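Each chain, letter by letter, is given below.
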Amino acid sequence: MVIDLHVHTAFSDGTQTPSELISEASMEGIDVVGLTDHDTTAGWTLAEDAARVYGLGLVRGMEISCRYEGISVHLLSYLHDPYDTGLAAVVQETRRARLDRTHLIIERLAEDYPIDMDAVLSVSGEDATIGRPHIADALVAAGVVESRTEAFSSILSSQGKYHVSLPTIDPITAIGLIREAGGVSVFAHPRAAMRGRVVPDSAMTDFIAAGLDGLEVDHRDNPPQERESMRRLAHEHDLIVTGSSDYHGTGKPNRLGEHVTSDHMLAKLLERASSRPGGVDYIQG
């Protein structure tokens, strides 16, 4: 099977509806999709309906924004209960913080560029998790830059004067909340140095001790020389190893299925989820 466990829709910073995404995945020969919009499960129902129509397997999930000693960390939570009060409260607070941060970034940008909140909302969609990608889209629409990639490498760089950090939960707490909600936690693109600082090995050890279930090893942002060391670490600690595209539609150059997860590792993820009460089921294609 062709298994891609990290994709996004317009409910966060992708450019397609869940139905459009599932349709494209079917045309591209993907057998199983993991829907992991940022800090939201709003697209789950539409994705489930489309997966049944197109006969795709669906692993419902979410990408959770965290911060470890000032370093951005993203955790993929798979098959958790979306109504679990602990995890839901954290996600709701993060969405509020994202919106507050967006207003602050726009205030700074507006001193130099033709942009305001209405411009951002016009490109984000009503139910999206608002964030920097939508600011980038507004800058593209205004003719300031040609693409999201250009915006993030220049105006919206984390090293630039317009940057505002997102206050979020620490990963160790998030790992515990995911488990309590019946979910399985996977550290997304853990060696993506191109995005900024990565956590030290000591932090990785702490995450594993806290119950981290897996590592997203095969991802375009993990340098090839780092992948084998992560694979060895995963084997040493009996972690799930995933590979994914981190597809965003036209929002990023990533292509569906450019990295994939093995059948064996999907089975391991599903087995681990089934051992925890309270989560949701895998949608069989």
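For every chain, the first residue of its written sequence is number 1, and the numbers climb from 1 along that sequence. It should be noted that, the model being predicted, local features are given only for residues of pLDDT at least 70 and side-chain atom pairs only at 80 or more, the latter also being counted only at that level, while totals for whole chains, interfaces and linings use all residues. Values shown for side chains rest on all heavy atoms present in the structure; no hydrogens or waters enter the calculation.

Undergrad: Account for the UniProt feature "domain: Polymerase/histidinol phosphatase N-terminal" (unreviewed entry) in the chain, naming residues and giving values.
TA: Following the UniProt record, the feature "domain: Polymerase/histidinol phosphatase N-terminal" (unreviewed entry) maps to residues 3-68 here. A run of DSSP states H or I qualifies as a helix once it reaches four residues; a run of E qualifies as a strand once it reaches two. Both are numbered from the N-terminal end. Measuring from the first to the last C-alpha atom of residues 3-68 gives 29 Å, for a span that is 32% helix and 32% strand. UniProt positions are given in the numbering used here, feature names are shortened, and annotations may be inferred rather than shown by experiment.

Undergrad: Could you give an account of the nonpolar core, naming the residues involved and the relevant values?
TA: With 45 residues, the main nonpolar core has Tyr78, Phe187 and Leu215 as its most contacted residues. By the convention used here, residues are in contact when the closest approach between their heavy atoms is within 4.5 Å. The residues touching phenylalanine 187, leaving out its near neighbours within four places in the chain, are Val73, His74, Leu75, Val199, Met204, Phe207, Leu212, Gly214, Leu215 and Glu216. Take the buried Ala, Val, Leu, Ile, Met, Phe, Trp, Tyr and Cys residues and link them wherever side-chain atoms come within 4.5 Å; each set so joined is a nonpolar core. Only protein chains enter the accessibility calculation, which uses a 1.4 Å probe; a residue whose area is less than 20% of its type maximum is buried, one above 50% is exposed, and one in between is partly exposed.

Undergrad: Give me the lowdown on the pattern of salt bridges, citing residues and values where you can.
TA: Should their charged atoms come close, side chains of opposite charge can pair. A carboxyl oxygen of Asp or Glu within 4 Å of a side-chain nitrogen of Lys or Arg is what we treat as a salt bridge. Enumeration according to the criterion identifies 17 salt bridges in this entry. Residues glutamate 48 and arginine 60 are paired through a salt bridge, measuring 3.4 Å at the closest nitrogen-oxygen approach. Taken together, the positions of glutamate 48 in helix 2 (residues 44-54) and arginine 60 in strand 3 (residues 57-68) put the pair twelve residues apart, joining distant regions of the chain. For arginine 60, a relative accessible area of 10% gives the class buried. Ionic pairing is found between arginine 231 and glutamate 228, a salt bridge with its closest N-O pair at 3.2 Å. With a gap of three residues between them, arginine 231 and glutamate 228 both fall in helix 9 (residues 224-236), about one helical turn apart.

Undergrad: Explain the packing of aromatic side chains to me, using residue names and the numbers behind them.
TA: When the centres of two rings from Phe, Tyr and Trp lie within 6.5 Å, Trp using its six-membered ring, the rings pair. Their planes under 30 degrees apart give stacked, over 60 give edge-to-face, and anything left gives tilted. Taken as a whole, this structure holds three aromatic pairs when the rule is applied. Between tyrosine 113 and tyrosine 162 the ring centres are 6.0 Å apart and the planes differ by 65 degrees, which places this aromatic pair in the edge-to-face class. On the criterion of sequence distance, the pair formed by tyrosine 113 in the loop between helix 3 (85-109) and helix 4 (117-124) and tyrosine 162 in the loop between helix 6 (148-153) and helix 7 (171-180) is long-range, its members being 49 residues apart. Note on tyrosine 162: relative accessible area 10%, which makes it buried. Counting every residue linked through ring pairs, the aromatic cluster contains Tyr68, Phe187 and Phe207.

Undergrad: Can you break down the packing of helix 4 against helix 5 (residues 132-141) residue by residue, with the values?
TA: Relative placement of two packed helices is described by the angle separating their axes and the distance separating the axes. All axes here are fitted lines through C-alpha atoms, helices being fitted over the stretch that makes contact, and every angle between N-to-C directions spans 0 to 180 degrees. One way to put it is that helix 4 packs onto helix 5 with a least axis distance of 8 Å and a crossing angle of 100 degrees. Comparing their axes, helix 5 and helix 4 come out roughly perpendicular. Contacts from Ala119, Val120, Val123 and Ser124 in helix 4 reach His134, Ile135, Asp137 and Ala138 in helix 5. Each residue is assigned to one class: nonpolar for Ala, Val, Leu, Ile, Met, Phe, Trp, Tyr, Cys and Pro, charged for Asp, Glu, Lys and Arg, and polar for all the others, Gly among them. Across the contact of helix 4 with helix 5, the residue classes break down as five nonpolar, two polar and one charged. In this scheme, roughly parallel covers angles under 35 degrees and roughly antiparallel covers those over 145, while 65 to 115 is roughly perpendicular and the rest are oblique.

Undergrad: Which residues make up the packing of helix 1 (residues 18-27) against helix 2, and what values do they have?
TA: At a minimum axis distance of 8 Å, the contact between helix 1 and helix 2 shows a crossing angle of 30 degrees. When the interaxial angle is binned, helix 1 and helix 2 end up roughly parallel. Crossing of helix 1 against helix 2: the hand is right-handed. Touching Pro18, Ser19, Ile22, Ser23 and Ser26 of helix 1 are Leu46, Ala47, Ala50, Ala51 and Tyr54, all from helix 2. Residue composition of the contact of helix 1 with helix 2, grouped by class: seven nonpolar, three polar and no charged. Left-handed describes a crossing whose near helix is turned anticlockwise from the far helix by less than a right angle; the clockwise case is right-handed.

Undergrad: Requested: an account of the environment of aspartate 39, with residues and values cited.
TA: Considering the arrangement of structural elements, one finds aspartate 39 in the loop between strand 2 (32-35) and helix 2. With residues up to four places along the chain from it excluded, the contact list for aspartate 39 reads Met62, Glu63, Ile64, Ser65, Val91, Thr94, Arg95, Arg98 and Thr129.

Undergrad: Give me the lowdown on the pairing of strand 6 (residues 214-218), citing residues and values where you can.
TA: Here strand 6 lies mainly inside the structure; five of its five residues are buried. For two strands to pair, DSSP has to find at least two bridges joining them. Pairing of strand 5 (residues 184-187) with strand 6, which is carried by two bridges, proceeds in the parallel orientation. Counterpart to valine 186 in the pairing with strand 6 is glycine 214. By convention a crossover is right-handed if, when the strands point away from the viewer, the path from the first strand over the helix to the second runs clockwise. You can see the chain leave strand 5, run along helix 8 (residues 201-209) and come back into strand 6, and the turn it takes is right-handed. Pairing between strand 6 and strand 7 (residues 240-243): four bridges, direction parallel. Counterpart to leucine 215 in the pairing with strand 7 is valine 241. In the classification by handedness, the crossover that spans strand 6, the intervening helix 9 and the parallel strand 7 is right-handed.

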